[in-house]
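# Observations on chain architecture
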Amino acid sequence: MVDYTFSLLAFEYFLLILVRITSFVFVAPFFSLPNAPGRVKIGFSFFVALLVFGLVPEPQVAYDDVIGYAIIVLKEGITGLLIGFAANICNSIVLLAGNIIDMNMGLSMATEYDPITRTNAPITGNFYNYMVLMLLLVSGMHRYVLTAIVESFQLIPVNGQLFQWDSLMEGMLEYMSQSMILGFRIALPVFACIMILNCILGVMAKVAPQMNMFSVGMQLKILTGMVVLLLTIQLLPYVADFIYTEMKRMIVTMIEGMY
């Protein structure tokens, strides 16, 4: 016979699980897309929290009053936000690469509105961002991200956070250096070809000064950049590997900084 009893303490514990998962879903990549209705995100978070509630053993959450419970809720929300933010921030690598590519191609002022980041993003960076998100869905990386928040309850139980701010700051600083390196590696084919083209245009300006290399070079840079992007489109899975490896490292770093 199925037992349908649900005590008040169990309900309070379920709400704490729900807070962590909901805050994660509203920040994590793919799950936090603004195109998805808020009710869908809340319903998804509720059912995931219900499954986690049946898997995680229920500890005794100690608090004295409403303020103590509110502090625990705040800690759970920060935990979910940090884990989701660690995965979502890695999308800025492709936006950085897109800025470098568009700056060399002469399209740095041609930006468009990105509904994901709610900012103006470069055209190439926006294209790479959506392609990486599509590969994230195809490769099943979204399941890894969701598994990370579920398994975080084993390492960081409810009200068991020990925020090590020095470790979290060190992880963010390391990410900043890695993002610059990875962003430049992604933009390196276009950057190298445009640099060679600039050298050729400089030689032609000396050989044939009657030609206006400024007006000719603008079209050549855009054409060369488009051709290189077309030839390197097959390298997008390797670009996605860079992003996903950094995403995994950042998630692990954030979780290690909270226990």
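Structure first, text after, so check above.
This text gives an overview of the structure that appears in the document. (Residues numbered from 1 in each chain as written. Predicted model: local features only at pLDDT ≥ 70, side-chain atom pairs only at ≥ 80, totals over all residues. Heavy atoms only, no water.)

Here we take up the environment of Phe-163. Within the fold, Phe-163 resides in the loop between α6 (141–155) and α7 (165–207). Separated by 16 residues in sequence, Phe-163 and Thr-147 place their C-alpha atoms 21 Å apart. With residues up to four places along the chain from it excluded, the contact list for Phe-163 reads Lys-75, Ile-78, Thr-79, Leu-82, Gly-257 and Met-258. (Helix = DSSP H or I, 4+ residues; strand = E, 2+ residues; numbered from the N terminus. Contact = heavy atoms within 4.5 Å.)

Structurally, the position occupied by Val-27 is in the loop between α1 (8–25) and α2 (38–55). Residue Val-27 is classed as buried on the basis of its relative accessible area of 17%. A sequence separation of 125 residues divides Val-27 from Ser-152, and the C-alpha atoms of the two residues are 16 Å apart. In this structure Val-27 touches Ser-32, Leu-81, Gly-84, Phe-85 and Asn-88, once residues within four positions along its chain are discounted. (Buried < 20%, exposed > 50% of the residue type's maximum accessible area, 1.4 Å probe, protein only.)

Glancing now at the pattern of salt bridges. Following the criterion strictly, the structure yields three salt bridges and no others. Residue Glu-76 pairs with Arg-20 through a salt bridge whose shortest N-O separation is 2.7 Å. Taken as a pair, Glu-76 in helix α3 (residues 66–88) and Arg-20 in helix α1 lie far apart in primary sequence, 56 residues in all. For Glu-246, the salt bridge identified is with Arg-249, shortest N-O distance 2.6 Å. With a gap of three residues between them, Glu-246 and Arg-249 both fall in helix α9 (residues 236–256), about one helical turn apart. Residue Arg-249 is classed as partly exposed on the basis of its relative accessible area of 23%. (Salt bridge = Lys/Arg side-chain N within 4 Å of Asp/Glu carboxyl O.)

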